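Structure at a glance
Chain by chain, the residues:
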Amino acid sequence: MISIRGVCKKFGGRVAVDHLNLDVPRGQIFGMLGHNGAGKSTTIGMLLGQVYPDEGQLMIGGEDVFANRSKALGRVGAIFESPSFYDYLSGASNLRIFCEYSGPVDAKRMEEVVKLVGLEGRIHDRVRVYSHGMRQRLALAQALLPNPELLILDEPNDGLDPEGIHEMRNLIVKLNREWGLTILFSSHQLNEVQHLCTHLAVMREGELLFSGEWRQLGLDQAWIRLRVDRQAEAEKGLVGAGLVKSFSAEGHGMLGPDADVAKVAEWLVHGRFRIGAIAPIERDLEDVYLAMVRKEKDEG
Amino acid sequence: MFWNQLKNELLKMFARKRTYIGFGAFVAVEFIILALLQLPKAKKAFVELLTKNGYGFEEYYSGITMAMLMILFTIFLLGGLYLSLVSGDVVAKEVEEGTMRMVLARPISRLRLLVIKWLACVVYTFALILFIGVTSLLAGVIYRGGLGKLFIFAPQEGIFGLFDTGEALWRFGRGMFFLALVTQVVSTMGFMFSCFNMKPAAATILTLSVMFVDFVVRNMPYFQDIQKYFITYHTAGWVRTFHDIVPWWSIGESLVYLAALNLTFFIIGAMRFCTRDFKS
């Protein structure tokens, strides 16, 4: 669905995207992960023809975004973090205005989409009175109205409350499974991407660190945080016993294939270690980066 | 689709309160001018000008003359201000508010979008001038109790014109049409600056600055020989339709000059807009 080849972009002297190659197959929920400034939004901007690349080619559905904008973007809907609307107009007028840049708006389709995002009671209110969650739903409606095949979501959960995030997540899954939409989802929150996507790309300072399936990242591995009186001795012993594969400098250990927290605790008690803390941990984006950077170094 | 997109652009423009500031301000100014014309000193100057030339004061101190006076006094400053205010907003405001990114995520080409926005500016210019013409005329008629005969005095253009009611009304309507045509250059200049990476207010201020500097320099005695190179010389072309024998060649020359400027401004704005990066 999306093909990015050798794309570079600089703003002034700063490299925003550096020789990016990325493929997003049709029908996937594909996550783009990276800190603020990693190059995700610039990449999305280039995909939408809003930012001109210095080098490279971006294709959507086999059409070059810059050479054949109308065909390439004709099948795309997009949402940005904190979407902007004509606040002095109603939600319905906003939908009509945005969608008529793509083509004629069918009243029945509009009704269907407004119902899907749950704005049917408020669509004739001025957007000025909408909450952040409602604005985000309106943004989703305007993205869906032209019947896209690809939905690009740039940090769509920013500013949403937990309930809003949950609703948005369910809606994205529904759109992928029931409507068959390919979804490119950008976020700096690892757990969000982890919940939604089967495939992901990880970017850092404009470079693509990883692109592929989750399991290739080893994130499905269980990790523990360990604090005992004879830390170095315990770490060495646990690795030797095959219960932990390796320990990070912070005392985080990746569990072995058949190990769990109970088995590790049992081993420590048996070895008469005084346990300060032992708990399963979830890895965050920083850990993913560090693991990748380490992996690159090891491979280098 | 083009008409729907233009209609939507007009809806966006005319649903904004600030679009109407110009309309409201002109009505307010019309009343202020009418009130000031009541002052004995203002009336005296008018009486002297007419009677010294052998014409009756009451006959020509009429509704349509009042309307013409109001427009002549206000159009350069206020017209320029409100046209550049709206046209300076038309692109820059959308960029500032973030809606431009939403629009540019659509398959519409940037050039087509600009053509639509520029046409909306054209419609606004015509709407504002039509409004000024109609309300000035109404205010004048209410103030003097009828249309009457037209007296117009524009020394810089060499005009001292007196017209009967029918002729006056026709010339007034035609004058408003030409006024709308010539002031289009102010809107297009505001539009051009709006396409650059700047705040809407900056686009308005730049447009006004260019017009004022042009006006001031043009009126310096040193530059009398090169009058025809100044924008404000050509924007004053509409007043020349009130000459007894209308100098169509000179008016046509001004319209062509302004059309070329409009085209140049549009191309410069479009070139900048079409090559810009839009990021959050």
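Here goes a summary of the coordinates provided. Residue numbering note: each chain is counted from 1, following its sequence as written. Note on labels: chains are lettered from A, ligands numbered from 1, in written order. Restriction of local features to residues with pLDDT of at least 70 applies here, the model being predicted, together with a cutoff of 80 or more for giving and counting side-chain atom pairs; totals for whole chains, interfaces and linings are based on all residues. To get the side-chain values, take all heavy atoms of the structure and skip hydrogens and water.

Turning our attention to the overall build of chain A. In this text, helices come from DSSP runs of H or I with a minimum length of four residues, and strands from runs of E with a minimum of two, each type numbered from the N-terminal end. When helices and strands are counted, chain A shows 11 helices and 14 strands. Dimensions along the principal axes, computed over C-alpha positions, put chain A at roughly 75 × 45 × 35 Å. Among the 300 residues that make up chain A, the fraction classed as buried is 52%. Should any heavy atoms of two residues lie within 4.5 Å, those residues are counted as being in contact. In chain A, 65% of the contacts between residues at least 6 apart in sequence involve partners at least 24 apart. When the accessible surface of chain A is summed, it comes to about 13700 Å², and 47% of that surface belongs to carbon and sulfur atoms. The charge count treats Lys and Arg as positive and Asp and Glu as negative. His and the chain ends do not count. Where a charge lies is defined by one atom per residue type: Lys uses NZ, Arg uses CZ, Asp uses CG and Glu uses CD. Taking the average place of the 35 positive charges on the side chains of chain A and the average place of its 41 negative ones, the gap between the two points comes to 1 Å. Partly exposed describes any residue whose relative accessible area lies between the buried limit of under 20% and the exposed limit of over 50%, with all areas from a 1.4 Å probe on protein chains only and scaled to the type maximum. With residues, only the protein chains shown are counted as cover, and all accessible areas are computed by Shrake-Rupley using a 1.4 Å probe.

This paragraph deals with the sheet that holds strand S12 (residues 244-247) of chain A. Residues and elements named next belong to chain A. Read from one edge to the other, the open sheet built from 4 strands follows the order S12-S13-S11-S14, with strand pairing classed as antiparallel. Every interior strand has two partners, whereas the edge strands, S12 and strand S14 (275-281), have only one. Across this sheet, the average inter-strand angle for adjacent strands is 25 degrees, counted without regard to direction. In this sheet, strand S13 (residues 252-255) lies alongside S12 in antiparallel orientation, the contact comprising 3 bridges. Pairing of Val244 across the sheet is with Leu255, part of S13. The strands that helix H9 (residues 231-240) touches are strand S11 (223-228) and S12; relative to S12, the one it contacts most, it runs at about 145 degrees. One bridge is not enough; two strands pair if DSSP finds at least two bridges between them. What counts as an axis is a line fitted to C-alpha atoms, over the stretch in contact for a helix, and the angles between N-to-C directions run from 0 to 180 degrees.

The buried fraction of helix H1 (residues 40-47) of chain A amounts to 8 of the 8 residues, a majority that puts the element mostly inside the structure. Backbone geometry just after H1(A) places A:Gly49 at a positive phi near 70 degrees.

So, about the sheet that holds strand S4 (residues 55-60) of chain A. Residue and element names in this part refer to chain A. Read across the open sheet, the 4 strands follow the order S2-S1-S4-S5; overall the sheet is antiparallel. Two strands lie at the open edges of the sheet, namely strand S2 (14-24) and strand S5 (63-64), each paired on one side alone. Two elements, strand S1 (residues 2-11) and S4, share 5 bridges in a ladder whose sense is antiparallel. Note that in S4 the partner of Ser3 across the bridge is Met59.

All right, on to the interface of chain B and chain A then. How large an interface is tends to be reported as the accessible area lost when its parts come together. Tallying the contact residues gives 30 residues for chain B and 35 residues for chain A. Here chain B meets chain A over a buried area of about 3000 Å², counting both sides, of which 55% is carbon and sulfur. If you sort the residues of chain B by the area they bury against chain A, B:Met102, B:Arg106 and B:Pro107 come out on top, with a joint share of 26%. Any Lys or Arg side-chain nitrogen located within 4 Å of an Asp or Glu carboxyl oxygen qualifies as a salt bridge. Put simply, chain B and chain A have 1 salt bridge between them. B:Asp277 is paired through a salt bridge with A:Lys9; the nearest N and O atoms lie 2.6 Å apart. Broken down by element, the side of chain B that touches chain A gets its largest block of residues, 6 residues, from helix H1 (residues 2-14) of chain B. Put simply, buried area is how much 1.4 Å-probe accessible surface two parts lose in total, over both of them, once they are put together.

What describes a pair of aromatic rings is the distance from one ring centre to the other and the angle between the planes of the rings. In this scheme Phe, Tyr and Trp rings, the latter by its six-membered ring, pair at centre separations within 6.5 Å, and the angle between planes marks the pair as stacked below 30 degrees, edge-to-face above 60, and tilted otherwise. Applying the stated criterion to the full structure yields 29 aromatic pairs over all chains. A ring pair is formed by B:Trp118 and B:Phe266, whose centres lie 6.0 Å apart and whose planes are at 70 degrees; its orientation type is edge-to-face. Here B:Trp118, found in helix H8 (residues 110-144), pairs with B:Phe266, found in helix H12 (residues 248-275); they are 148 residues apart in sequence, far enough to count as distant. By relative accessible area, which is 14% here, B:Phe266 ends up buried. Ring pairing ties together the aromatic residues B:Phe46, B:Tyr55, B:Tyr60, B:Tyr61, B:Phe151, B:Phe153 and B:Phe160, which thus form one cluster. A cation over an aromatic ring shows up here: A:Arg230 above the ring of A:Phe273, its NZ or CZ 4.2 Å from the ring centre. Across the ring face of A:Phe80, the terminal group of B:Arg101 is positioned such that the distance to the ring centre comes to 4.1 Å. Criterion for a charge above a ring: Lys NZ or Arg CZ within 6 Å of the ring centre, and within 35 degrees of the ring normal.

For the rest of this paragraph, the subject is the pairing of strand S6 (residues 76-79) of chain A. Residue and element names in this part refer to chain A. Here S6 shows two buried faces, one formed by Val76 and Ala78 and the other by Gly77 and Ile79. Pairing of S6 with strand S7 (residues 150-154), which is carried by 4 bridges, proceeds in the parallel orientation. What sits directly across from Ala78, in S7, is Ile152.

Let us look at the pattern of salt bridges. Residue and element names in this part refer to chain B. Applying the stated criterion across every chain yields a total of 25 salt bridges over all chains. We note a salt bridge from Lys12 to Glu9, for which the minimum N-O separation is 3.2 Å. Of this pair, Lys12 and Glu9 are both found in helix H1, 3 residues apart, which corresponds to roughly one turn of the helix. Given the relative accessible area of 3%, Lys12 is considered buried. Of the residues examined, Glu9 reaches a relative accessible area of 3% and is grouped as buried. Through salt bridges with shared partners, a single ionic network connects Glu9, Lys12, Glu94 and Lys117.

Next up on the list: the pairing of S13(A). All names here are of chain A. Of the two faces of S13, both are covered, the one formed by His252 and Met254 as well as the one formed by Gly253 and Leu255. Sheet topology places S11 next to S13; 3 bridges connect them, and they run antiparallel. By the bridge assignment, Arg225 is partnered in S13 with His252. Hairpin connection from S12 to S13: 4 residues lie between these consecutive antiparallel strands, with Gly251 at a positive phi of about 85 degrees.

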